[in-house]
Amino acid sequence: MVVYCGLLFLIIDIVADVSNSLLFLLTGLELEPSSDQPYLATSLQDFWGRWNLMVTNTLRHTVYKPVRSVFCNYKWAPLVGVIVSFVVSGLMHELFVYELSREEPTWEMTWFFVIHGVCVVVEMVGKRCLVGGRWRLPEFIARLLTVGFVAATGMWLFFPPLIKSRLDVRILEEYTSVINFVKVKFLTL
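This structure is a prediction, so every number in the text was calculated from the model and none was measured.

A. Region of interest: the nonpolar core. Ranked by internal contacts, the top residues of the largest apolar core, which has 22 residues, are Trp48, Val82, Val120, Phe158 and Leu162. For this core, the secondary-structure elements that each account for two or more residues are α2 (44-50), α4 (77-101), α5 (108-129) and α6 (139-164). It is α5 that contributes the most residues to this core, six residues altogether. In this view, Leu162 contacts Val97, Met109, Leu167 and Asp168; residues no more than four positions away in its chain are not counted.

B. Highlighting unusual backbone geometry. A positive phi is found at Gln37, a non-glycine position, where the angle reads about 50°. Structurally, Gln37 is set in the loop between α1 (2-27) and α2. Unusually for a residue other than glycine, Trp107 sits at a positive phi of about 70°. When you line up the elements, Trp107 lands in the loop between α4 and α5.

The rules behind the values
- Residue numbering note: each chain is counted from 1, following its sequence as written.
- Predicted model: local features are reported for residues with pLDDT of at least 70 only, side-chain atom pairs are reported and counted for 80 or more only, and whole-chain, interface and lining totals are derived from all residues.
- In computing side-chain properties, one takes all heavy atoms of the structure into account and sets aside hydrogens as well as water.
- We call a set of buried residues a nonpolar core when its members are Ala, Val, Leu, Ile, Met, Phe, Trp, Tyr or Cys and they connect through side-chain atoms within 4.5 Å of each other.
- Throughout, exposure labels follow a simple rule: accessible area from a 1.4 Å probe, protein chains only, divided by the maximum for the residue type, with under 20% read as buried, over 50% as exposed, and the rest as partly exposed.
- A run of DSSP states H or I qualifies as a helix once it reaches four residues; a run of E qualifies as a strand once it reaches two. Both are numbered from the N-terminal end.
- By the convention used here, residues are in contact when the closest approach between their heavy atoms is within 4.5 Å.

Read these as geometric descriptors, not functional statements.
Here it is in C-alpha cells:
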C-alpha cells in the first residue's frame, strides 16, 4: 500500500509534466508547473505551497483572501482562511470522486484536508510561539516527517476512496489511451 500510494503521487506529477510538455510541443503554449518538488518540503505549510500550484493559487484568491478579509479585524483571520480553504478543497475532491465514480461520498477525502488544514494552522501558531519562528528541525528530519505525515494520512484517508471506486485504474487507463494515441499520431508523421 505504501509503495502503491507513493507511485500514485509520482504518477500524478509525471502525468502533469508530460501533459504540459505535450501541450508545449503541439501548441507552443507553456503552462505553469503543476508542482514545485513537494517531496523536498520541510513542513506541511511548505508542502501545500509546493503541491498542485494551480489549485493552491485558485484557492488563495477565491477562498483564503475573501475569508481573511471578512475577519480582517482579527489577528487569527489568516488561520480561519487556511482552515476554510482546506475544507473547500476536501469538498471539491469529494465532488470530483463522486462525479467520476457516481459512488456516494465517504467523506474520507474531506477529513484528509480538514486534518491537514488543522495541522497547518497548528504549525503556523507553533512557529510563531517557538522563538519567533527561528527554531527549526534539521532539514532531513523535517522532510522525512513532512513526507511521512502526508503519505500516512494519504494512505489512511485520501487514497481509499480512489481505490475502492477503481478511479485510480480508470484514470491510468485514460492516460495510457492518450499516450498511445499521441504515439500513433507521431509515429505516422
